[in-house]
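In case you want the letters, here they are:
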Amino acid sequence: MTTTPLTLDTTQARARLAELTVIDVRTPGEYASGHLPGALNIPLDQVRRALPEIRHAAGRGDVLVVCASGARSQTASRLLAEEGIPTATLTGGTSAWVGEGHDLHRPAVRDTRARWSMERQVRFAAGTVVLLGLLLGLLVHPAFQILSAGIAGGLVFSALTDTCGMAALLGRLPHNRPRPADLAATLAALRRG
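As the structure is a prediction and not an experimental result, all values here were calculated from the model. (Residues numbered from 1 in each chain as written. Predicted model: local features only at pLDDT ≥ 70, side-chain atom pairs only at ≥ 80, totals over all residues. Heavy atoms only, no water.)

**Student:** In this structure, what is going on with the pattern of salt bridges? I would like to understand it.
**Tutor:** Side chains that carry opposite charge are capable of pairing whenever their charged atoms lie near each other. Taken as a whole and assessed by the stated rule, the structure comprises 8 salt bridges. Here R55 and E83 are joined by a salt bridge, their closest N and O atoms 4.0 Å apart. Here the residue R55 occupies a position in helix α3 (residues 51–60), and E83 occupies one in the loop between α4 (71–82) and β5 (88–90), the gap between them amounting to 28 residues. Exposure remark for E83: the relative accessible area of 32% places this residue in the partly exposed category. Between R123 and E119 there is a salt bridge, with its nearest N and O atoms 3.1 Å apart. Note that R123 and E119 are positioned in helix α6 (residues 118–139) at a spacing of 4 residues, about one turn of the helix. What you see here is one network of salt bridges that share partners, running through R16, E19 and D62. (Salt bridge = Lys/Arg side-chain N within 4 Å of Asp/Glu carboxyl O. Helix = DSSP H or I, 4+ residues; strand = E, 2+ residues; numbered from the N terminus. Buried < 20%, exposed > 50% of the residue type's maximum accessible area, 1.4 Å probe, protein only.)

Here is the structure:
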């Protein structure tokens, strides 16, 4: 049975926050940089692994899926809908939440490395490759400018399809990968309710 994912705006989500199970599908680094109060982190690439626990949580009450802008949470909600698990997404994600003046929970982190959002990581990586392509094109050989053109084409494709291959690749870097103990604790929390 497929269900249709719903959307909640920040006002609706805030009013119902205490009764919702909030699942943040961003990377652990993004989650650690600030998330909705009470949100549990299950990165998008781990959602299938967490299906039984998410189904259990949905049986107890409504589930809200959140990411930075709403794109990854919509992907997760579609995946969950295909499994018959009803969810809602937060329109505009944590960016809209903060834009409306609502606070994010920022846990004390033992790891003192700076945490960059996936969007910031993508902008940095894309900008670096574009500059590198232009610089190598000027100093070494004009053919290196193809790097810059490739990134530009990828950005256009990303905007048109609302997907991001670079984010998928960056999400596999060690600092963006979930720690198994963190995911295990999240899954246990979903089972407990």
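From this point on, the discussion continues.
**Student:** Can you walk me through the pairing of strand β4 (residues 63–66) in this structure?
**Tutor:** Each regular strand displays side chains that alternate between the two surfaces of the sheet. What you see with β4 is no split at all: V63 and V65 on one side and L64 and V66 on the other are buried throughout. At this point the chain moves from β4, through α4, to the parallel β5, and the crossover so formed is right-handed. (Right-handed = clockwise from strand over helix to strand, strands pointing away.)

**Student:** I'm lost on the environment of H141 in this one. Help?
**Tutor:** Along the chain, H141 falls in the loop between α6 and α7 (145–161). Measuring from C-alpha to C-alpha, the distance between H141 and P43 comes to 41 Å, with 98 residues separating the pair along the chain.

**Student:** Sorry if this is basic, but what is going on with the pairing of strand β2 (residues 21–24) here?
**Tutor:** On β2, burial covers both faces: T21 and I23 on one face and V22 and D24 on the other are all buried. Note: β2 against β4, 4 bridges, orientation parallel. Looking across to β4, one finds that I23 is bridged to V65. (Pairing = 2+ DSSP bridges.)

**Student:** When you look at the nonpolar core in this model, what are you seeing that I'm missing?
**Tutor:** Buried together is how nonpolar side chains tend to be arranged in soluble globular proteins. The biggest cluster of nonpolar side chains holds 19 residues, and the ones touching the most others in it are V25, I42, V47, I54 and L80. With 4 residues, the top contributor of residues to this core is α3. Every residue in contact with V25, bar those within four places of it in the chain, is listed here: I42, P43, L44, V47, V65, V66, C67, R72, S73 and A76. Core analysis: the second largest hydrophobic core is formed by 14 residues, V22, V66, A88 and L104 among them. (Core = buried A, V, L, I, M, F, W, Y, C linked by side-chain atoms within 4.5 Å. Contact = heavy atoms within 4.5 Å.)

Shape descriptors only; they carry no functional weight alone.
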